[in-house]
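Close look at the chain arrangement
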Amino acid sequence: MAKNVNVGGQAVIEGVMMRGKTGIATAVRTAQGEIVVEKKDYTSYTKKNKILGLPIIRGFVSLIESLVIGVKTLNYSASFFEEEGEPSKMDQWIQKLFKEKSGDVIMGISLVISLVISVGLFFILPTLVASIFSKMGVGPMGMNIVEGIIRVSIFLVYVYLIGKMEDIKRVYEYHGAEHKTIFCYENDVELTPENAAKFGRLHPRCGTNFLFLVMIVSIIVFSLTGWNSIWERIMYRIVLLPLISGVSFEIIKWMGKSGGTLAKILSYPGLKLQKLTTREPDLSQLEVAIKALKVAEGIVD
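Residues numbered from 1 in each chain as written. Predicted model: local features only at pLDDT ≥ 70, side-chain atom pairs only at ≥ 80, totals over all residues. Heavy atoms only, no water.

1. Regarding the pattern of salt bridges
Taken as a whole and assessed by the stated rule, the structure comprises 10 salt bridges. Note that Arg29 and Glu287 form a salt bridge whose closest N and O atoms lie 2.9 Å from each other. In this pair, Arg29 sits in strand E3 (residues 23-29) while Glu287 sits in helix H12 (residues 283-297), placing the two residues 258 residues apart along the sequence. Under the relative-accessibility criterion, Arg29 is labelled buried at 17%. In this structure, Glu173 engages Arg170 in a salt bridge whose closest nitrogen and oxygen atoms are separated by 3.4 Å. Here Glu173 pairs with Arg170, and both are found in helix H6 (residues 166-186), just three residues apart, close to one helical turn. Residue classification places Arg170 among the partly exposed positions, given a relative accessible area of 29%. (Salt bridge = Lys/Arg side-chain N within 4 Å of Asp/Glu carboxyl O. Helix = DSSP H or I, 4+ residues; strand = E, 2+ residues; numbered from the N terminus. Buried < 20%, exposed > 50% of the residue type's maximum accessible area, 1.4 Å probe, protein only.)

Listed below in structure tokens is the structure:
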């Protein structure tokens, strides 16, 4: 029987980040074949502040925290493979202006750009495209459903297309390694690459499931907002995003703990979607994921 653990992770460039009870650990296999691990202590704001830890609110806070940690760990893993050369003029200007804080500023800019692109691509663009159908006599609820279908379609096409990139294929393999390693740990099996390889790569607590749930919950929530002016619809999409992400977080948290039929039905689409966002890893990739998990959980060999 699986033990109750609360480990999460993320695939990075040639590595895996794990969040465990002792902090965040990012393991990267360098070009020389060495596994390098960075460990950082971290306590979620949902545990530091009672209000931020309330249901629904904690979901949006966790989403922002995951985005910040994700950008930081991706930048860390990328630093092992950057080619030497002159920094861009923008980087030079930021370094000159902010000095030792330049790294945090660049990370913040990257995060804002990622958020703007994500909101624009998956929330604003679908409502603009759906407006084309507004002259066909479809009611407000129907228009919101059409918009939701367009949003999910854009998401699926996006995931499929980036999966064709060679570098992303490697990241997807490490994503599979992350899931297999967590499954191995949850089932209290000795953490070895050979043992982890026996487990599945589709996990119900995966961020892919969360993103897909956000798409589905948004269809339900937005169907209650009417279909007014374009600017009003865009405002609703942005303002209601914290609520949607919060509700989705609570659902996926429940699905990860429940073994009931309803949980399995709700998990099914997200699990199938993970076939696009994960690939079967090799033993060397599983070794990296295991190293990250052990350090994050404070496990001593």
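2. Remarks on H6
Here H6 contains 21 residues, and its C-alpha end-to-end distance of 31 Å stays within 8% of the 30 Å for a straight helix at 1.5 Å per residue. Within H6, 15 of the 21 residues are buried, which leaves the element mostly enclosed by the surrounding structure. In the stretch just after H6, Asp188 is the one whose phi turns positive, near 60°. (Expected span 1.5 Å × (residues − 1).)

3. Quick notes on the pairing of strand E2 (residues 15-20)
Judged by how many residues are buried, E2 sits mostly within the fold: five of six residues are covered. Note: strand E1 (residues 8-12) against E2, five bridges, orientation antiparallel. By the bridge assignment, Gln10 is partnered in E2 with Met17. Where E1 folds back on E2, the antiparallel hairpin that results is connected by two residues, among which Glu14 adopts a positive phi of roughly 55°. Sheet topology note: the E2/E3 ladder contains six bridges and is antiparallel. If you follow Gly15 over to E3, its bridge partner there is Val28. (Pairing = 2+ DSSP bridges.)

4. Some thoughts on the confidence of the model for the protein
Mean pLDDT over the protein stands at 85; residues scoring 70 or higher make up 89%. At the level of individual helices and strands, the protein shows its lowest average pLDDT in helix H3 (residues 89-98), which scores 62, and its highest in helix H7 (residues 193-196), which scores 97. (pLDDT = per-residue confidence, 0-100.)

5. Some remarks on the packing of aromatic side chains
If you walk through the whole model with that rule in mind, you get four aromatic pairs. Centroid distance Phe122 to Tyr158: 5.6 Å. Interplanar angle 80°. Geometry classified as edge-to-face. With Phe122 in helix H4 (residues 102-130) and Tyr158 in helix H5 (residues 140-162), the pair connects residues that are 36 residues apart, well separated along the chain. Residue Phe122 is classed as buried on the basis of its relative accessible area, which comes to 10%. Measuring from centroid to centroid gives 6.3 Å for Phe123 and Phe222, while their planes differ by 85°, and the two rings are edge-to-face. Remark: Phe222 occurs in helix H8 (residues 207-222) and Phe123 occurs in helix H4; sequence separation between them is 99 residues. Side by side, Phe123 and Phe222 carry an identical accessibility label, which is buried. An aromatic cluster of three or more residues is present, and its members are Phe122, Phe155 and Tyr158. When the ring centre of Tyr45 is taken as origin, the NZ or CZ atom of Lys48, which lies over that ring, is 4.7 Å away. Over the ring of Phe222 we find Arg237; its NZ or CZ atom is 4.4 Å from the centre of that ring. (Phe/Tyr/Trp six-rings, centres within 6.5 Å; stacked < 30°, edge-to-face > 60°. Lys NZ or Arg CZ within 6 Å of the ring centre and 35° of its normal.)

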